[in-house]
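Chain by chain, the residues run as shown.
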Amino acid sequence: MKLHAHNLGWTTRGKTIVDDVTLDILPGETFGLVGPNGSGKSTLLRLLTGLLPRPAGRVHLEGVPLESMSRRDIAQRIAFVEQMADTSEALRVRDAVELGRTPWLSALTPLGPEDRRIVTEALEATGLAHMAGHSWSTLSGGERQRVHIARALAQRPRLLVLDEPTNHLDIHHQLSLLRLVSMLSVTVVMALHDLNQAMGCDRVGVMENGRLIACGPPAEVLTPARIAAIFRVHVTPLRDPDDNATLFRFHCLEDHS
Amino acid sequence: MTALAASYLRPVTLWGVAGAVTLTLAILGGVAIGETPLPFDTVLKVLANHLWGAGHDVDAIDAGILWSYRLPRTLVAAACGAGLALSGVVLQSLVRNALADPYLLGVSAGAGTGAVAVTVLGLGGGMIGMSAGAFAGASLSFAIVVLLARAAGGGSAQLVLAGIAGSQLFNALTSFLITKSANAEQARGIMYWLLGNLSGVRWPDVTLAIPVTLSGLVVCVWLARAMDAFAFGAASAASLGIAVRRVQIALIGATTVMTATMVSLVGSIGFVGLVIPHAMRFVVGARHGRLVPASALAGAVFLIVADVTSRILIPGQVVPIGVVTALVGAPGFAAILIRNRRRA
């Protein structure tokens, strides 16, 4: 699904959080958004999904301006997984995933067999099928994040937007989650903290102080010079002899000045 | 599609019939039991006389007690219990806090202040005037409590503390209004009414309480799926296609109207909105498609039973119904607190 953002901006309490971002997301790609804390990644993701009111600039979803679409229309096309959303409701895993069918159901229609099939598929795709009956409060952080992704998949979106999906997860769950995302056949936009993980995306955008300052294939965008300038760390690119992939090793800038 | 509708409708019809039967039995019980013992066949005869003019021969005083006094009282208790339970369900879903309830969040106190202001200061007049005053007070107190909770950091504890502050403020305003403007007899009457009292209920009150509760129920059933979507917060609901602002306004509006109407009719009755939805979550689960009708029914039955209890607890004296619900509700509140702690 093609998403086009033009001169997108967001200001709150006199502070500009996102400033004049123009960006195209191409159908089928996995797009990573990186940048230091407070650079506006989360806000940009919310703007792209139309979750913030009265932004500057425009977002077009396959040529249609987002502000002319209802929330329901948007939710049938874009699924958004925020950082660690929690609930105190006594929901089971399957209940939480069934919420993903909300945009496809009217107020009084019950979940049909087709909806149940989609929910089951989403549970299987995220490796949660055996936990469908588990209650939310018993899940670990990694399992909860997978439930959120399953819920987003049950929405049957064409664009999946993830805000730091690997945050707070241990390394095993980080890798299995990224592997899951990379195998999905939808367009993905995700904010990431780990630059090595960002290297696995098709394209990467770098944010600094609310502006998108670079955008392109990771190897071209994430250069040692740029990383030093934006993230204030020195990096040494290393090569993994197994598959020739580039890895970063980080050092304090002070140690190299 | 018809097969699908039928397979869904069958359990719905079944539960609907079971609910209607339970509610009818509770209403019959509420009408039959009271200070003056009346035989059950008299109860049925009086109802038959009024409902389809059966023409049974019954004592006029008995008929008066049953038809003009106990039946309206029982029906208002049912409407009130359902309305307060629904308000609890809505508030708990929207503010995502298991402890939300119109009484604890100060909405009832604000409604009381509004109703007293209308009665004592003579603003407007008549029952609708008092309900409108209660609505204004309820909206104001709810807004203040939510803004205060947000300013304090927006957590679960903050909301309950803000509710205490709001309740105290509006209860103090009510006391101030009574002291300043009411005479001794008025003051006594108002204080008794504020504790929750169904004694003065007559038929005109029924024609206000039942339509308000039914409208509230329709809004809640219609928005049940939207309330489900709030499980992970407003942003998550929006990303699931819910028009968050519109749903919040409709639900909070319905809650405030229901609470305000009930307070203006019977005073402030606490804990129904807290205890009933919680009990129902154990029985039917957390999904609002079931929780909403189940809570409405259980709230109605609970308040009828509480009203009957309030009439027969001390022979020859009516205990305020708010005292009865608090005696059940306060331990329930404690249980929820402990449960939440264990989960956290």
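Conventions used here
Residues numbered from 1 in each chain as written. Chains lettered and ligands numbered in written order. Predicted model: local features only at pLDDT ≥ 70, side-chain atom pairs only at ≥ 80, totals over all residues. UniProt positions renumbered as here; feature names shortened; annotations may be inferred. Helix = DSSP H or I, 4+ residues; strand = E, 2+ residues; numbered from the N terminus. Rg over C-alpha atoms; globule rule 2.2 N^0.38 Å. Buried ≥ 20, exposed ≤ 12 C-beta atoms within 10 Å, placed from the backbone. Pairing = 2+ DSSP bridges. Domains from an automatic or database assignment. Contact = placed C-beta atoms within 7 Å. Nonpolar A, V, L, I, M, F, W, Y, C, P; charged D, E, K, R; others polar.

Within an unreviewed UniProt entry, the label attached to chain B reads Iron complex transport system permease protein, and the organism entered is Celeribacter persicus. Looking at the Subcellular location (unreviewed entry) heading of the UniProt record, one finds this comment for chain B: "Cell membrane". In its Sequence similarities (unreviewed entry) section, UniProt records this for chain B: "Belongs to the binding-protein-dependent transport system permease family. FecCD subfamily."

You'll find chain A entered in an unreviewed UniProt entry as Iron complex transport system ATP-binding protein, with Celeribacter persicus given as the organism. A UniProt comment under Function (unreviewed entry) is attached to chain A, and it reads "Part of the ABC transporter complex HmuTUV involved in hemin import. Responsible for energy coupling to the transport system." Turning to chain A, the UniProt record has this under Sequence similarities (unreviewed entry): "Belongs to the ABC transporter superfamily."

Draft legend 1. Local environment of the overall build of chain A. What chain A contains, in helices and strands, is 9 helices and 12 strands. In terms of C-alpha radius of gyration, chain A reaches 19 Å, essentially the compact-globule figure of 18 Å for 257 residues. Overall, chain A is about 65 × 40 × 30 Å in size when its C-alpha atoms are taken along their principal axes. In chain A, which comprises 257 residues, the proportion classed as buried is 40%.

Draft legend 2. View of the pairing of strand β2 (residues 15-25) of chain A. Residue and element names in this part refer to chain A. Across 7 bridges, strand β1 (residues 3-12) lies against β2 in antiparallel orientation. Its bridge partner lying in β2, Ala5 is registered against Leu23. Once β1 ends, the chain turns through 2 residues before running back antiparallel as β2, passing Arg13 with a positive phi of about 50°.

Draft legend 3. Broad picture of the domain arrangement of chain A. Residue and element names in this part refer to chain A. In terms of domain boundaries, chain A breaks down into domain 1 (3-216) and domain 2 (223-257). On a C-alpha basis, the centroid separation for the pair domain 1 and domain 2 is 28 Å. Contact residues are listed per partner, giving 8 residues for domain 1 and 7 residues for domain 2. Of all the elements in the fold, those that place two or more residues in the side of domain 1 that touches domain 2 are α7 (195-198) and β9 (203-208). When grouped by side-chain class, the residues that make up the side of domain 1 that touches domain 2 number 5 nonpolar, 2 polar and 1 charged.

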